[in-house]
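# Understanding the architecture of this molecule
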Amino acid sequence: MTHTLQVEMDLNKPVEELTQVISSVLSAHPQNQKEILAALDLEIGNALATIEIKEQKETVETSN
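In this report, the structure presented in the accompanying data block is examined. What you see is a predicted model, and the numbers here were worked out from it, not measured in a lab.

## Description of the overall build of the protein chain
- Looking only at helices and strands, the protein chain features two helices and zero strands.
- Relative to the compact-globule value of 11 Å for 64 residues, the protein chain shows a C-alpha radius of gyration of 17 Å, a clear excess of over 25%.
- Once the C-alpha set of the protein chain is aligned to its principal axes, its extents read approximately 55 × 25 × 20 Å.
- For the protein chain, the residues scored as buried account for 3% of the 64 residues in total.
- Counting only carbon and sulfur atoms, one obtains 56% of the accessible surface of the protein chain, whose full area is about 6000 Å².
- Separation between the mean location of the 4 positive side-chain charges and that of the 11 negative ones in the protein chain comes to 3 Å.

## Digging into a negative patch on the surface
- Together, Glu52, Glu55, Glu58 and Glu61 make up a negatively charged patch on the protein surface.
- Summarising the element assignment, Glu55 is placed in helix H2 (residues 33-63).
- For Glu55, a relative accessible area of 46% translates into the label partly exposed.

## Thoughts on the packing of helix H1 (residues 14-28) against H2
- It is at 9 Å that the axes of H1 and H2 come closest, and there the two elements cross at 145°. Judged by the sense of rotation from one axis to the other, the crossing of H1 with H2 is right-handed. Along the contact surface, H1 presents Ile22, Val25, Leu26 and Ser27, while H2 presents Gln33, Ile36, Leu37 and Leu40.
- A breakdown of the residues in the contact of H1 with H2 according to their chemical character gives six nonpolar, two polar and no charged.

## Side note on the environment of Leu37
- Mapped onto the secondary structure, Leu37 falls in helix H2.
- Residue class for Leu37 comes out partly exposed when judged on its relative accessible area of 41%.
- Sequence separation between Leu37 and Ile22 is 15 residues; the distance between their C-alpha atoms is 8.9 Å.

## Focus on the environment of Glu16
- Within the element layout of this structure, Glu16 appears in helix H1.
- Since its relative accessible area comes to 46%, Glu16 is described here as partly exposed.
- Taking the C-alpha atoms as reference points, Glu16 and Ala39, 23 residues apart in sequence, are found 20 Å from one another.

Cut-offs used in this document
Residues numbered from 1 in each chain as written. Predicted model: local features only at pLDDT ≥ 70, side-chain atom pairs only at ≥ 80, totals over all residues. Heavy atoms only, no water. Helix = DSSP H or I, 4+ residues; strand = E, 2+ residues; numbered from the N terminus. Rg over C-alpha atoms; globule rule 2.2 N^0.38 Å. Buried < 20%, exposed > 50% of the residue type's maximum accessible area, 1.4 Å probe, protein only. Areas by Shrake-Rupley, 256 points an atom, 1.4 Å probe, with all protein chains shown as cover. Lys, Arg positive; Asp, Glu negative; His and termini not counted. Charge placed at Lys NZ, Arg CZ, Asp CG, Glu CD. Patch = residues over 30% accessible without salt bridge, like charges linked within 9 Å, V, L, I, M, F, W, Y side chains within 5 Å. Salt bridge = Lys/Arg side-chain N within 4 Å of Asp/Glu carboxyl O. Axes fitted to C-alpha atoms, helices over the stretch in contact; angles between N-to-C directions. Left-handed = near helix turned anticlockwise from the far one by under 90°. Contact = heavy atoms within 4.5 Å. Nonpolar A, V, L, I, M, F, W, Y, C, P; charged D, E, K, R; others polar.

The structure is reproduced here in structure tokens:
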């Protein structure tokens, strides 16, 4: 038996849609909410760091 959540998202409203998905997943795992959010926080932090590094490289390249 598996538990799945099928999602149809409006990509014009990514924050609102992702927030609803996260809320749904958290409600399905009330005892693990902190761990899930901490893991998401880490993944989001890594993604932001990657974007910042890319932007810094682009800034250096355009100023040369």
